[in-house]
Amino acid sequence: MKIHEYQGKEIFRRSGVAVPQGFVANTPQEAAEAFKKLGGPIAVVKAQIHAGGRGKGTLKEIPAQRGVQLVKSAEEAAKVAEALIGNTLVTIQTGEEGKKVNQVLVEAGCNIDRELYLGIVVDRTAKGPVFMVSPDGGMNIEEVAEHTPDRIFYEKFDVDTGLLGYQARKLATTLGLKGKSIGTAEKFFRALAKMFVTYDCSMVEINPLVVTKEGELLALDAKVTFDDNATFRHPDLAELRDLTEEEPAEVRAAQSGLS
Ligand code: ADP
Ligand code: MG
């Protein structure tokens, strides 16, 4: 089961994984209010669909409009929300038909110093979850894997003990973090590993994970997928399901208790 970025970030927040402040908006008015609450001077309006590549993606109806846009006023936030909500975003991950945008996330803009990549997947060979990190964040990780596979680093962790301190520090130094940032990253990575196990995730991807000019470490994007075989253990997560994003045939199968 996939969820939206804003929902993933809510779980991050609850789990002690740092994210920028932000509010989901269903209307342009709500987007304007969100901008005011954030207090400016810049915010980012982000289309919420179950697919990545939104920053480079464009609307079918308004080809000049991208799925992620920096805004500098409440009026501008409302204008971008107006353009996105109700229209169809086409990205490298949606296919030609695109996905309809029903909501946007209005988030505090941050001063990016470095963009890193972080993913956790369940590796069947390693028989457990594995961190995948790369100093080459913000880019399409499939391309990094294809052209410069030596720029991706892996660290397996045990679900019972979680990610150990030395493992988290190793990941941090691999990413080129230094000084105080190593301690910050250690907390971040260990909280994320704990979250992954607690919620029975099958995949978590943060691309980009950013180091800000102020030295903070923040998850700027959040892709979270839960293991469908474990959803019975998390009845509270059921409300995060967005059936408009799922295959109608799959939805009917699930309703009939089929996988
Ligand atoms: P996608 O992966 O779907 O394109 P992202 O959430 O990764 O969407 O956003 C695309 C890009 O937009 C990021 O790589 C980052 O450079 C920029 N961005 C996203 N959120 C923020 C933010 N809160 N502040 C500043 N820049 C942002
Ligand atoms: Mg991204």
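These remarks concern the structure in this document. (Residues numbered from 1 in each chain as written. Chains lettered and ligands numbered in written order. Predicted model: local features only at pLDDT ≥ 70, side-chain atom pairs only at ≥ 80, totals over all residues. Heavy atoms only, no water.)

1. Let's talk about the packing of aromatic side chains
At step 1: One pass over the full model with this rule turns up 3 aromatic pairs.
At step 2: Judged by centre distance (6.0 Å) and plane angle (90°), the ring pair of Phe188 and Phe189 falls under edge-to-face.
At step 3: Through pairs of rings, three or more aromatic residues link up here, namely Phe131, Phe157, Phe188 and Phe189.
At step 4: Sitting above the plane of the Phe23 ring, Lys37 keeps its charged end 4.2 Å from the centroid. (Phe/Tyr/Trp six-rings, centres within 6.5 Å; stacked < 30°, edge-to-face > 60°. Lys NZ or Arg CZ within 6 Å of the ring centre and 35° of its normal.)

2. Some words on the coordination of the magnesium ion (ligand 2)
At step 1: The coordination sphere of the magnesium ion (ligand 2), as far as protein atoms go, consists of Asn207 (O) and Asp221 (OD), spread over 2.1 Å. Remark: Asp221 occurs in the loop between strand E12 (217-219) and strand E13 (223-226) and Asn207 occurs in strand E11 (residues 201-212); sequence separation between them is 14 residues.
At step 2: We classify Asn207 as buried; its relative accessible area is 17%. (Donors = N, O, S within 2.8 Å, 3.2 Å for Na, K, Ca; no water. Helix = DSSP H or I, 4+ residues; strand = E, 2+ residues; numbered from the N terminus. Buried < 20%, exposed > 50% of the residue type's maximum accessible area, 1.4 Å probe, protein only.)

3. Quick notes on the site of ligand 1
At step 1: Not every one of the 17 residues close to ligand 1 is listed here, only the nearest: Lys46, Arg54, Gly55, Glu107 and Glu115.
At step 2: Contact between ligand 1 and Ala108: a nitrogen atom at 3.0 Å from a main-chain N or O atom of the residue.
At step 3: Within the complex, the protein chains bury 82% of what would otherwise be the 540 Å² of accessible surface of ligand 1.
At step 4: Of all the secondary structure elements, the ones that give two or more residues to the shell around ligand 1 are strand E2 (43-47), strand E7 (104-108), strand E8 (112-123) and E11. (Near = heavy atom within 4 Å. Polar contact = N/O pair within 3.5 Å; in protein donor to acceptor, adjacent residues only side chain to side chain. Areas by Shrake-Rupley, 256 points an atom, 1.4 Å probe, with all protein chains shown as cover.)

4. What about the sheet that holds E2?
The pairing of strands in a sheet happens through backbone hydrogen bonds and is either parallel or antiparallel.
At step 1: On the basis of which strands lie adjacent, the open sheet formed by 4 strands has the order E1-E7-E2-E4 and antiparallel pairing. Two strands lie at the open edges of the sheet, namely strand E1 (22-25) and strand E4 (68-71), each paired on one side alone. The sheet shows a mean angle of 20° between the axes of neighbouring strands, direction not considered.
At step 2: Pairing analysis gives 5 bridges linking E2 to E7, with the strands arranged antiparallel. Along E7, the bridge assignment pairs Val45 with Val106. (Pairing = 2+ DSSP bridges. Axes fitted to C-alpha atoms, helices over the stretch in contact; angles between N-to-C directions.)

5. A short note on the nonpolar core
At step 1: The biggest cluster of nonpolar side chains holds 40 residues, and the ones touching the most others in it are Phe12, Leu118, Phe131, Phe189 and Leu192.
At step 2: Listed by contribution, the elements that provide at least two residues to this core are helix H1 (5-15), E8, strand E9 (128-134), helix H5 (165-174), helix H6 (180-198), E11, E12 and E13.
At step 3: Residues in contact with Phe131, not counting those within four places in the same chain, are Leu118, Gly119, Ile120, Phe153, Tyr154, Glu155, Phe157, Leu163, Leu171, Phe189, Leu192 and Ala193.
At step 4: In this structure, Ala47, Leu59, Ala74 and Ala81 belong to the second largest nonpolar core, which totals 23 residues. (Core = buried A, V, L, I, M, F, W, Y, C linked by side-chain atoms within 4.5 Å. Contact = heavy atoms within 4.5 Å.)

6. Observations regarding the sheet that holds strand E5 (residues 88-90)
At step 1: Here we have 3 strands laid out as an open sheet, ordered E3-E5-E6, and antiparallel in their pairing. Each of the sheet's edge strands pairs with one partner strand only, and the pair in question is strand E3 (58-59) and strand E6 (99-100).
At step 2: For E3 and E5, the ladder comprises 2 bridges, and the chain directions are antiparallel. Paired with Leu59 across the two strands is Leu89, which belongs to E5.

7. What to know about helix H2 (residues 28-38)
At step 1: When H2 is considered as a whole, its buried residues turn out to be Pro28, Ala31, Ala32, Ala34, Phe35 and Leu38. Projected down its long axis, H2 carries its buried residues within an arc of 160°, all on one side. Summarising the geometry of H2, the exposed residues directed more than 90 degrees from the buried face are Gln29, Lys36 and Lys37.
At step 2: Tucked into the core, H2 has its buried residues touching E1, E2, E4, helix H3 (74-84) and E7. (Arc of directions from axis to C-beta.)

8. Thoughts on the environment of Val106
At step 1: Structurally, the position occupied by Val106 is in strand E7.
At step 2: Spatially, the C-alpha atoms of Val106 and Val251 are 29 Å apart, while their sequence positions differ by 145 residues.
At step 3: Those residues in contact with Val106 that sit more than four places away from it in its chain are Gln21, Gly22, Phe23, Ala25, Ala31, Ala34, Phe35, Leu38, Ala43, Val44 and Val45.

9. Remarks on the environment of Asp221
At step 1: Through-space distance from the C-alpha of Asp221 to that of Asn207 is 5.6 Å; in sequence the pair is 14 residues apart.
At step 2: Discounting residues that sit within four places of it in the chain, Asp221 has contacts with Glu5, Lys9, Phe12, Arg54, Glu205, Ile206, Asn207 and Pro208.
At step 3: At 3.1 Å, the side chain of Asp221 and the side chain of Arg54 are in polar contact.

10. Some remarks on the pattern of salt bridges
At step 1: The tally for this structure, following the rule as stated, stands at 16 salt bridges.
At step 2: Across the pair Lys46 and Glu107 runs a salt bridge, and its minimum N-O distance is 3.8 Å. Taken together, the positions of Lys46 in strand E2 and Glu107 in strand E7 put the pair 61 residues apart, joining distant regions of the chain. Pair check on accessibility: Lys46 and Glu107 agree, each one buried. (Salt bridge = Lys/Arg side-chain N within 4 Å of Asp/Glu carboxyl O.)

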